Every structure is written in C-alpha cells, then in structure tokens.
Amino acid sequence: MKLAVLSDIHGNSYALKEVLRAAEIEGVEELIILGDFTGYYYHTHQVLDLLSDWRCTSIKGNHDEMLEGIFKGSVGADTIRLKYGSGHKFALQDLSPAQLNFLFELPDKLSYTVDGIRLSLNHGSPWDKGLYIYPNADSEVMKKCDDPEYDFVLIGHSHYPFIHKNQYSTLVNPGSVGQSRLEGGYANWAVIDTKIKSVELKETKYNISELISEIAINDPDIPYLREILL
C-alpha cells in the first residue's frame, strides 16, 4: 500500500488540491496527516471537504490548537492574526460545528500500524509537539527521535522536508503542503510504500495567483504571507 504523508496544509486548498491529484496518480490509498489543517491561509473548510473523499489518519498541530484557543476565548484572536494572518478567523467563520469538533478532538500524537509497518505520528518532535526539527538539527536531536518500536517516525511543523535514517527507525519530515519554506509555489509531501518499506519526498507545483490576490485583500499588512509563496 502507498501512504501519502502530509503536514502543515494551513488552509491552502489550492496546494492541497494539486497534491491530492498527484497522490491519486501515484496510487496512494491512504493519507497520514500530521496536523496544522488551519492557520495562515483562508480555506480550511475546503481543505476538510477535499480530505473527506480520502481515508485519513490524522493528528492535531499547534495551529489547530490555536484555533481551539481562539474559539474558547483563551487565546487573543488579534494577536494571532498579526503574527499568522487571518486563516484562523476564516476557519471559525466557515467551519461547521462538526468540522470544528473534528479538529478539536484530534490526538496530539498517534501510533499507527498498517501492513505491518509501524508509524509514529507527531507534529513537532515525539516528545514536544512545539519543537521545530530542521534538516540540519544536531545529531543528538536526530538520535533522540530514534525508536525501536517504529519503522518510521513522522514529524512536521518546521515546513522543511527531510529523511534521516537512524539506527532503528527512519525519521521523516514531509515538509509543508500549504507553505513550503523550501521553494515558493510548490507543495511538499512524502509517500511511504509499505510493500517495500520505502519513503520518498515529493514536490508538487501549484498556481499561487489566487492565493496571492486573497492575501492582498485579507492581510495586506503581513508581507510574509505573500513573500513566502514567491
């Protein structure tokens, strides 16, 4: 079986649509989603609609947690908007109660086995979902992610894709679907083939023009949202 590993979609339905099209061509049968459905951009509702056609195993990211905090009044919406854009605001406006409940009830991490392949699903690191692990992380950090109980330890959060083979398990960060920090206008993801126990990083181009126009309307005072896409 082929599994697509996605992370950090961040309300970018334009990128997700192209990734799902590529995943279908690739013969992917199931999606593994490492959190951050929302945040930054404006179409979390469309993201969830697109994913509803797929078999998915998912966990919660820090931006999904922020959304819950804004919803419950424990996090300031204006502070979040100034740092991350209006994505959370649009999500709260557009998502149904059932969709909000789905995001809020996602687990922080998960152990999952498919075809005998053991997967550890994490948003940040296995011990701290808020920790960013980059491709050039210290060797001790990489080793700390090693776990003999798993074949693949999956992480997201940093938006930088990489594969690192430890002694017992392979550490995989698929990068970000919605806001790649590697190259503008591309979505990053990964494919695990359970039959041959392999993993491959993927890069899918998408059209950023409509999203650029939406940023100009919704968040003209946050140039980063536009610049990172370019």
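Up top you'll find the structure we're talking about.
Residues numbered from 1 in each chain as written. Predicted model: local features only at pLDDT ≥ 70, side-chain atom pairs only at ≥ 80, totals over all residues. Heavy atoms only, no water.

Let's talk about the pairing of strand β10 (residues 198–205)
Next up, step 1: Examined bridge by bridge, strand β9 (residues 186–193) and β10 share eight bridges and lie antiparallel to one another. Looking across to β10, one finds that N188 is bridged to E203.
Next up, step 2: Hairpin connection of β9 to β10: four residues between the antiparallel strands, including K197 at a positive phi of 55°. (Pairing = 2+ DSSP bridges. Helix = DSSP H or I, 4+ residues; strand = E, 2+ residues; numbered from the N terminus.)

As for the pattern of salt bridges
Next up, step 1: Taken as a whole, this structure holds 14 salt bridges when the rule is applied.
Next up, step 2: When the shortest N-O distance is used, the salt bridge between E26 and K2 registers 3.4 Å. In this pair, E26 is assigned in helix α1 (residues 13–26) and K2 in strand β1 (residues 2–6), connecting sequence segments 24 residues apart.
Next up, step 3: Of the residues examined, E26 reaches a relative accessible area of 23% and is grouped as partly exposed.
Next up, step 4: Overall, the relative accessible area of 24% leaves K2 in the partly exposed class.
Next up, step 5: Salt-bridge contacts for E200 lead to K202; the nearest nitrogen and oxygen are separated by 3.4 Å.
Next up, step 6: Judged by relative accessible area, which is 44%, E200 ranks as partly exposed.
Next up, step 7: Judged by its relative accessible area of 17%, K202 falls in the buried class.
Next up, step 8: Because the salt bridges share partners, they merge into one network encompassing K2, E26, E200 and K202. (Salt bridge = Lys/Arg side-chain N within 4 Å of Asp/Glu carboxyl O. Buried < 20%, exposed > 50% of the residue type's maximum accessible area, 1.4 Å probe, protein only.)

Re the sheet that holds β10
Next up, step 1: The strand order across the open sheet built from five strands is β3-β2-β1-β9-β10, with neighbouring strands paired in mixed fashion. Strands with a single pairing partner mark the edges of an open sheet, and in this sheet they are β3 (56–58) and β10. Taken pair by pair, the neighbouring strands of this sheet meet at an average axis angle of 25°, ignoring direction.
Next up, step 2: Against the sheet, α1 touches β1, β2 (30–33), β9 and β10, its axis set at about 30° to β9. (Axes fitted to C-alpha atoms, helices over the stretch in contact; angles between N-to-C directions. Contact = heavy atoms within 4.5 Å.)

A closer look at the sheet that holds strand β5 (residues 117–121)
Next up, step 1: Spatially, the five strands line up as an open sheet ordered β4-β5-β6-β8-β7, and their pairing is mixed. If you trace the sheet from one side to the other, it starts and ends with β4 (110–114) and β7 (162–165), each paired once. Put simply, the sheet's adjacent strands are angled 20° from each other on average, direction ignored.
Next up, step 2: Both β4 and β5 contribute to a ladder of five bridges, which runs antiparallel. Each residue of the ladder has a partner; that of S111, found in β5, is S120.

Focus on the packing of helix α3 (residues 62–72) against helix α6 (residues 97–104)
Next up, step 1: Contact geometry of α3 with α6 gives a least axis separation of 9 Å together with a crossing angle of 125°. Relative to α6, the element α3 is oriented oblique. Regarding α3 and α6, the two cross each other, and that crossing is left-handed. Of the residues in α6, those touching α3 at D64, L67, E68 and F71 are L100, L103 and F104.
Next up, step 2: Split into classes, the residues belonging to the contact of α3 with α6 amount to five nonpolar, no polar and two charged. (Parallel < 35°, antiparallel > 145°, perpendicular 65-115°, else oblique. Left-handed = near helix turned anticlockwise from the far one by under 90°. Nonpolar A, V, L, I, M, F, W, Y, C, P; charged D, E, K, R; others polar.)

What about α3?
Next up, step 1: α3 sits mainly inside the fold: eight of its 11 residues count as buried.
Next up, step 2: Those residues of α3 lying buried are N62, H63, D64, M66, L67, E68, G69 and I70.
Next up, step 3: Contact partners of the buried residues in α3: α4 (77–84), α5 (87–94) and α6.
Next up, step 4: G73, located one to two residues past α3, shows a positive phi value of around 85°.

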